Number of protein chains: 2
Amino acid sequence: MAVYTDITEDELRQFLSQYDVGELTSYKGIAEGVENSNFLLHTTKDPLILTLYEKRVEKSDLPFFLGLMQHLADKGLSCPLPLPRKDGELLGELSGRPAALISFLEGMWLRKPEAKHCWEVGKALAAMHVAGEGFDIKRPNALSLEGWKVLWEKSEGRADEVESGLKDEIDPEIAFLAAHWPKDLPSGVIHADLFQDNVFFLGDELSGLIDFYFACNDLLAYDVSICLNAWCFEKDGSYNVTKGKALLAGYQSVRPMSEAELEAMPILARGSALRFFLTRLYDWLTTPAGALVVKKDPLEYLRKLRFHRSIGHVAEYGLVEE
Amino acid sequence: MAVYTDITEDELRQFLSQYDVGELTSYKGIAEGVENSNFLLHTTKDPLILTLYEKRVEKSDLPFFLGLMQHLADKGLSCPLPLPRKDGELLGELSGRPAALISFLEGMWLRKPEAKHCWEVGKALAAMHVAGEGFDIKRPNALSLEGWKVLWEKSEGRADEVESGLKDEIDPEIAFLAAHWPKDLPSGVIHADLFQDNVFFLGDELSGLIDFYFACNDLLAYDVSICLNAWCFEKDGSYNVTKGKALLAGYQSVRPMSEAELEAMPILARGSALRFFLTRLYDWLTTPAGALVVKKDPLEYLRKLRFHRSIGHVAEYGLVEE
C-alpha cells in the first residue's frame, strides 16, 4: 500500500489543465504499487491513474517505462497507456515529483489463480515479448548477475540471522550462476516482475498487464522463469506441474521457445529465484521493525531456488514436447 | 491510509451477489479512513465504496451508523447511502468482518479551505442537525467528559514526555469542564468528526459529508465547536476570525443558535479541543516508532485549548449579532 505524497486539489487541477481530459470529480490514493504514489481519478470522462514517481525510481528511466507502455499499447497489447499532454510530453511534474497520467485498466488480480489462468499469463507474456520488438530505447537489467552480487554483499554479513548456513549456500550459488549463465539466447524487452498483482482478469479472461517499472532488456526465457516462480508454486512451497505445463504451453502457443532456451530453463529459474530471494532478504534486513509495510519472506524464494537446483531436465517443469 | 484486510475476487463476487448491483469490473483498496478497510469498486453500473469494519469499531454500533446515513439521505442530505441487500439488510459479512456497500460520493476534500468553504461547512452541519431529527436509534458520546477522564488516566503518567507541565495543566482543566459543562442545551445527532477530509466539494460547492463513524447523540453546539477547531485555525496555530465568522454565519443561516448555546461556545470549544488533544496524545504514546501511520501532533490541540481558555465572550469567535 503506498501513498507517499499527498496532493492538493489546486495543484492537481493545474496539472490536469495541461491534458485534454474531462473535469476532475474525485481522486483517491490507492493501495497499489510499492515504489510510487498512485491515485485513482474520476473525471466527467474516463477514470484515470495518476502516478507520482518517488525517489526509488530513476528519473532517467521514465522515458523507457512510459515509452514502452505506449509502444506495447500501439502494438495491441492491453496495458495502461500514458496520456500525452497537450504539448505531446508523456511526463509532467506534480508536487515536485515526476508524474504521469495513465489510462485506467478495468480488471482484478487473482488471489488464487488456477492452471487456466497460468495458460493466459504465459500467452500474454509471449505476446508482450513479441510486441516489444522494435522498441528502440534500451535499459539493461539492473537486477541480473552484477546486481545480485551487489545485493548479496550488502546482506551476507547478516544473512545467517535469517537462516543459519545461508552464507555457505549463496556464495557458491552465485559463483555457479556466474560461470554457467547463458549468453546466446534470444533477448528483448522483458516485464521482469509479472506477479499475480500485475495481471488483471475480467472473469477468466486476461484483461491486461500492468506495472512495467522493472521492465528492461534481458533474455526472454528469463522472464518465463520469473513467471514459473511467481505463478506455479503452491502456498506450501510445492511446485504445481499442471500450472507449469499450462504456463509454458500458453507461452509457446504464441512464441515457441528454442531447444537452447528450454534447456536453460532450470538455471534461469535458479537465477530468478535468487533475484527475488536477494531483494526480499535485503528488505527484510533493512525495513525497520513495526513498519506497516508487509515484509515478504525471503525464505519462500530460497526454497524455490533449491527446488530448481534439483531439476535435471526441463521436462520436469511440465513441458510438453511439441 | 488503511487497508487492513485484503479480499479475494471470489469472496467479493459472492458478497456482491447478495446485492442488486452491476457486474464487478475493478476493486482497489483506498487510502482513506483510519478505522476501517475501504475499497473503491467499479461495476458496469455505478462506482461503490465497500467498507470492512475492523475491530476498533463496535459491531453493535453499526445499525446506528448505517441507519443514520440512510435517514439523513432520505431527508435530502448529501451523504453516502448504504445499499440494502436483496433481503433488505444493510449489513453483511465479508472475510470474517461486518461489511457494507455504500454509494460513492463524487467530490474532493479541500487541503486549503477558505472562508467561503467554512460558510458552506457551517450550513451543511446545521442541515445535518436538522435532518437528524426523528432518527430513533440512540448512541451516547463515548468521547465526552467520562471518556476524556478514562483517556487521561491512561496517558497522564507519561504525558510530561510530550510537554513538561502537562499534568499540572490538564488535571484542573478536566475538573473545570466537569464542573461547568452545560447540560440544558439542545441536543441531537452530531457528526463529531467533521474535519476537512470528511467534507467533499466540487469546485466551491459542497457536494456531501462522509464518515459518520463517530456520530452520536450530544449537544448540537458542541458539534459546531468541533468545526471551529477543525476549520478556523491556520497552520501557525492562529485563529482566523474571518473563517470563524463564516462558519458560524453559515450554521445560523439554517439553524439559529440560542443565547445559551452561543454563551456556551468557549467552554464547548475547550472541551472539543481537549477531546482531540487526548485521543492524539494517547495515540502518540501508544503507536510504535517506525509505524507508517502518520501520528497527529497532540500539541496542536493543546494550543487550541489554551486559545479557547482565553476567550471572554463568543463575539471573539467572530459572531455577528443578528
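Remember, it's a predicted structure, so these values are computed and weren't measured experimentally.

Q: How should I be thinking about the packing of aromatic side chains in this particular structure?
A: The relative placement of two aromatic rings is captured by the distance of their centres and the angle of their planes. Tallied over the entire structure, the rule returns 30 aromatic pairs over all chains. On the numbers, 5.2 Å between centres and 45° between planes, the contact of Phe15 of chain A with Tyr19 of chain A is tilted. Tyr19 of chain A shares its class with Phe15 of chain A; the two are buried. Pairing Trp148 of chain B with Trp181 of chain B gives two aromatic rings, centres 5.4 Å apart and planes at 90°, and the pair type is edge-to-face. Separated by 33 residues along the polypeptide, Trp148 of chain B in helix α4 (residues 145-155) and Trp181 of chain B in the loop between α5 (166-180) and β6 (187-190) bring together distant segments of the chain. Among the aromatic residues, ring-to-ring pairing joins Tyr53, Phe64, Phe65, Phe135 and Tyr213 of chain A into one connected group. One cation-aromatic arrangement involves Arg275 of chain A over Phe214 of chain A; the distance from NZ or CZ to the ring centre is 5.5 Å. Positioned above the aromatic ring of Trp109 of chain B, the side-chain terminus of Arg111 of chain B is 3.7 Å from the ring centre.

Q: Which parts of the structure should I look at to understand helix α8 (residues 259-286) of chain B?
A: Structural remark: α-helix, 3.6 residues per turn; residues separated by three or four positions point the same way. Residue and element names in this part refer to chain B. Taking 1.5 Å of rise per residue, the 28 residues of α8 would be expected to cover 40 Å, and the 41 Å separating its terminal C-alpha atoms lies within 8% of that figure. Met265 marks the point of greatest bend in α8, at about 50°, and the proline Pro266 comes within the next four residues. The buried count for α8 comes to 21 of 28 residues, which makes it a mostly enclosed element.

Q: Explanation requested: unusual backbone geometry in the structure shown.
A: The phi torsion of most residues other than glycine is negative, and most of the peptide bonds are trans. All names here are of chain B. For Ser95, which is not glycine, the phi dihedral falls at a positive 55°. Mapped onto the secondary structure, Ser95 falls in the loop between β4 (92-94) and β5 (97-103). Given a relative accessible area of 27%, Ser95 falls into the partly exposed group. For Asp211, which is not glycine, the phi torsion reads 60° and is therefore positive. Here Asp211 is to be found in the loop between β8 (205-209) and β9 (216-219).

Q: Mind showing me how you'd approach the pattern of salt bridges here?
A: Any two side chains of opposite charge can pair, on the condition that their charged atoms come close. Residue and element names in this part refer to chain A. On inspection of all chains with the given rule, the structure shows 42 salt bridges over all chains. Measuring nitrogen to oxygen at the nearest pair gives 2.9 Å for the salt bridge that ties Glu163 to Arg306. Taken as a pair, Glu163 in the loop between α4 (145-159) and α5 (166-180) and Arg306 in helix α9 (residues 298-309) lie far apart in primary sequence, 143 residues in all. Its relative accessible area of 27% is what places Glu163 among the partly exposed residues. Residue class for Arg306 comes out partly exposed when judged on its relative accessible area of 32%. The shortest N-O distance in the salt bridge between Glu234 and Lys243 comes to 3.0 Å. The class of Lys243 is buried, set by a relative accessible area of 10%. The structure contains a network of salt bridges with shared partners spanning Glu163, Glu169, Glu173, Arg270, Arg306 and Arg309.

Q: What am I meant to see in the domain arrangement of chain A here?
A: Many authors give the size of an interface as the accessible area that is lost as the parts come together. Residue and element names in this part refer to chain A. Considered domain by domain, chain A is made up of domain 1 (9-103) and domain 2 (115-317). Using C-alpha coordinates to define each centre, domain 1 is positioned 27 Å away from domain 2. Listed by partner, the interface residues are 21 residues for domain 1 and 24 residues for domain 2. Roughly 1700 Å² of surface becomes buried between domain 1 and domain 2 when both sides are summed, with 73% attributable to carbon and sulfur atoms. Summed over the shared surface of domain 1 and domain 2, the number is one salt bridge. Salt-bridge contacts for Asp61 lead to Arg139; the nearest nitrogen and oxygen are separated by 3.1 Å.

Q: Could you clarify how one ought to interpret the packing of helix α8 (residues 259-286) of chain A against α9 of chain A in this entry?
A: Residue and element names in this part refer to chain A. Contact geometry of α8 with α9 gives a least axis separation of 8 Å together with a crossing angle of 160°. Between α8 and α9, the angle falls in the class roughly antiparallel. Between α8 and α9 the crossing geometry is left-handed. Taking contact as the criterion, the partners of Pro266, Ala269, Arg270, Ala273, Leu274, Phe276, Phe277, Arg280, Leu281 and Trp284 in α8 are, on α9, Pro298, Glu300, Tyr301, Leu302, Lys304, Leu305, His308 and Arg309. Residues that form the contact of α8 with α9 fall into these classes: twelve nonpolar, one polar and five charged.

Q: What's the story with the nonpolar core in this structure? I'm lost.
A: One recurring pattern in soluble globular proteins is that nonpolar side chains are buried together. Judged by nonpolar contacts, the single largest core of 182 residues is most densely connected at Trp231 of chain A together with Trp231 of chain B. Not counting residues up to four positions away in its chain, the partners in contact with Trp231 of chain B are Pro113, Cys118, Val121, Leu194, Phe195, Gln196, Val199, Phe201, Lys243 and Leu247 of chain B. In this structure, Leu12, Tyr27, Leu50 and Leu101 of chain A belong to the second largest nonpolar core, which totals 18 residues.

Q: Looking at this model, I keep getting lost on the sheet that holds strand β1 (residues 24-29) of chain B. Mind explaining?
A: In a beta sheet, neighbouring strands are held together by backbone hydrogen bonds and run either parallel or antiparallel to one another. Residue and element names in this part refer to chain B. An order of β1-β2-β3-β5-β4 is seen for the five strands of this open sheet, with the pairing classed as antiparallel. Pairing within the sheet leaves two strands with one partner each, and these edge strands are β1 and β4. Here the strands of the sheet are splayed against their neighbours by 35° on average, with no regard to which way each runs. Packed on one face of the sheet, helix α1 (residues 9-16) meets β1, β2 (37-43), β3 (48-52), β4 and β5 and runs near 170° to β4.

About the thresholds
- Residues numbered from 1 in each chain as written.
- Chains lettered and ligands numbered in written order.
- Predicted model: local features only at pLDDT ≥ 70, side-chain atom pairs only at ≥ 80, totals over all residues.
- Heavy atoms only, no water.
- Phe/Tyr/Trp six-rings, centres within 6.5 Å; stacked < 30°, edge-to-face > 60°.
- Buried < 20%, exposed > 50% of the residue type's maximum accessible area, 1.4 Å probe, protein only.
- Helix = DSSP H or I, 4+ residues; strand = E, 2+ residues; numbered from the N terminus.
- Lys NZ or Arg CZ within 6 Å of the ring centre and 35° of its normal.
- Expected span 1.5 Å × (residues − 1).
- Bend = angle between axes of the 7 residues up to and from the residue.
- Salt bridge = Lys/Arg side-chain N within 4 Å of Asp/Glu carboxyl O.
- Domains from an automatic or database assignment.
- Contact = heavy atoms within 4.5 Å.
- Buried area = accessible area lost by both parts, 1.4 Å probe.
- Axes fitted to C-alpha atoms, helices over the stretch in contact; angles between N-to-C directions.
- Parallel < 35°, antiparallel > 145°, perpendicular 65-115°, else oblique.
- Left-handed = near helix turned anticlockwise from the far one by under 90°.
- Nonpolar A, V, L, I, M, F, W, Y, C, P; charged D, E, K, R; others polar.
- Core = buried A, V, L, I, M, F, W, Y, C linked by side-chain atoms within 4.5 Å.
- Pairing = 2+ DSSP bridges.

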